[in-house]
Amino acid sequence: MVDPAGKEMDNPTFRSDTVLSDVHLHCPSKRHLMVRLNAVGQPVFLSYFKLLWSTEDLASGKHVREITTGGEHQCRSGDELCDKDRSNITKEGELNSEGVEALLDDDGDLEVVRRPRSASDLQAEDLLRDIVCPVILMKGKEDAFEDEERECTCSDVVKIEHTMATPLEDVGKQVWRAAFLLADYILFKRDTFRACSVLELGGGTGITSIIMGTVAKRVYCTDVGEDLLAMCEQNVALNKHLMESGGGDIKVKELDWLKDEFCTDPEAPYSWSEEEIADLLDHCSVIMAADVFYDDDLTDALFRTLYRITHNLRNSCTIYLALEKRLNFTLRHMDVTCEAYSHFRNTLNDLENLQDGKIKYTVEPIKLDFCQFLVYERIEQL
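Residues numbered from 1 in each chain as written. Predicted model: local features only at pLDDT ≥ 70, side-chain atom pairs only at ≥ 80, totals over all residues. Heavy atoms only, no water.

Undergrad: Would you mind showing me how to read helix α6 (residues 177-188) here?
TA: Helix length check: α6, at twelve residues, gives a terminal C-alpha distance of 17 Å against a target of 16 Å (1.5 Å per residue), a fit within 8%. Buried residues dominate α6, accounting for eleven of its twelve residues. Restricting attention to buried positions, one finds in α6 the residues Arg-177, Ala-178, Ala-179, Phe-180, Leu-181, Leu-182, Ala-183, Asp-184, Tyr-185, Ile-186 and Leu-187. (Helix = DSSP H or I, 4+ residues; strand = E, 2+ residues; numbered from the N terminus. Expected span 1.5 Å × (residues − 1). Buried < 20%, exposed > 50% of the residue type's maximum accessible area, 1.4 Å probe, protein only.)

Take a look at the structure:
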């Protein structure tokens, strides 16, 4: 967390109902840029999420080689290191030779910069490895974060404004791993979603809709709360350049699962027009949701919304649901359980077994052996 003056807080405090984002938990010591306070006084941060394969490569359909490191799948274009990688390795080697003070790890041991493996070594073992280039922190260099910003190119970075910690009712303002997982799948199966009309439920910060917008024709990104929807709309604007090549259009709209109708109040800032509702019902073929199954009542409301919308669609529809199984110890069970996930699975089974004579739902799990296109921790609970 960062105070308004831009200095790191030494002793951040959280309330008992505070929920920390996956970004905060995965990168607790990383510097994050606070850009503003939102309407309810929460600090809003701007983070850069690296694409392992640029959108220019996606558009051109370049060859991808899959890399497996530590149980995670990543993708890299081409068979050789790019010139930037080579120059970084050379530059870091020069820094070490000049005696720049190296970074110590958590135990106080010296971080050793190892010699990169040569191309001949890689060919001999007939596999491609990631060359890891440690970041050298030079003494007195205070603008490392700004330099990192300048190095981010438009085509390989998604810029997202988000919060790092909120009460449970505001978790949509944070970034969660299942959104990255669903984004990975979209990029991996981009031909499946090309030129589609898509509805996202519980879009939150909008990161999954933004990735979908690089390939789909139109995306309706929906959630509730004017403050959250304004943040989502800002993120769409920050990443307009990613959607230019594909011509995708993202519309940020309000959709409350606890209500039976679309919001059509012309005074509401994110309401639907009659034309937009008709466009959604006539053309939507994909519905998606990521990390929205954490409250049983909201899960029930989401499935009621899915039932209502799919019954009014003109065409058949595929629904993609991504979530993380969050394990907790409960006194009621005196064991580690995942009650939210169990309720989700039971409700999903009820939907699949529904026989109303109007529509049939088929549930199919997706294997998580597809490539990783965004930098995040793909854990086994996803």
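Resuming the write-up.
Undergrad: For this particular structure, what's the right way to read the pairing of strand β2 (residues 33-37)?
TA: It is a general feature of regular strands that their side chains alternate between the two faces of the sheet. Where β2 meets strand β3 (residues 43-50), four bridges bridge the pair, whose relative direction is antiparallel. Of the residues in β3, the one forming a bridge with Leu-37 is Pro-43. (Pairing = 2+ DSSP bridges.)

Undergrad: Looking at this model, I keep getting lost on unusual backbone geometry. Mind explaining?
TA: One non-glycine residue with positive phi stands out, namely Ala-195, at about 70°. As for its placement among the helices and strands, Ala-195 is situated in the loop between α7 (190-193) and β8 (197-200). For Ala-195, a relative accessible area of 55% corresponds to the exposed category.

Undergrad: What should I look at first to understand the confidence of the model for the protein in this one?
TA: Low pLDDT means the predicted coordinates in that region are not meant to be read closely. In the predicted model, the protein carries a mean pLDDT of 77, and 66% of its residues have values of at least 70. Within the model, pLDDT remains below 50 along residues 122-145, and this stretch shows 39 contacts once partners closer than five positions in the same chain are excluded. (pLDDT = per-residue confidence, 0-100. Contact = heavy atoms within 4.5 Å.)

Undergrad: Explanation requested: the environment of Ser-197 in the structure shown.
TA: Its place among the elements puts Ser-197 in strand β8. Look at Ser-197 and you get buried, because its relative accessible area is 9%. Between the C-alpha atom of Ser-197 and that of Ala-216, which follows or precedes it by 19 residues, the distance is 6.5 Å. Contact partners of Ser-197, with chain neighbours within four places excluded, come to Arg-218, Tyr-220, His-283, Cys-284, Ser-285 and Val-286.

Undergrad: Is there a simple way to think about the side chain of Asp-22 in this case?
TA: Along the chain, Asp-22 turns up in helix α1 (residues 22-26). Assessed through its relative accessible area of 5%, Asp-22 is described here as buried.

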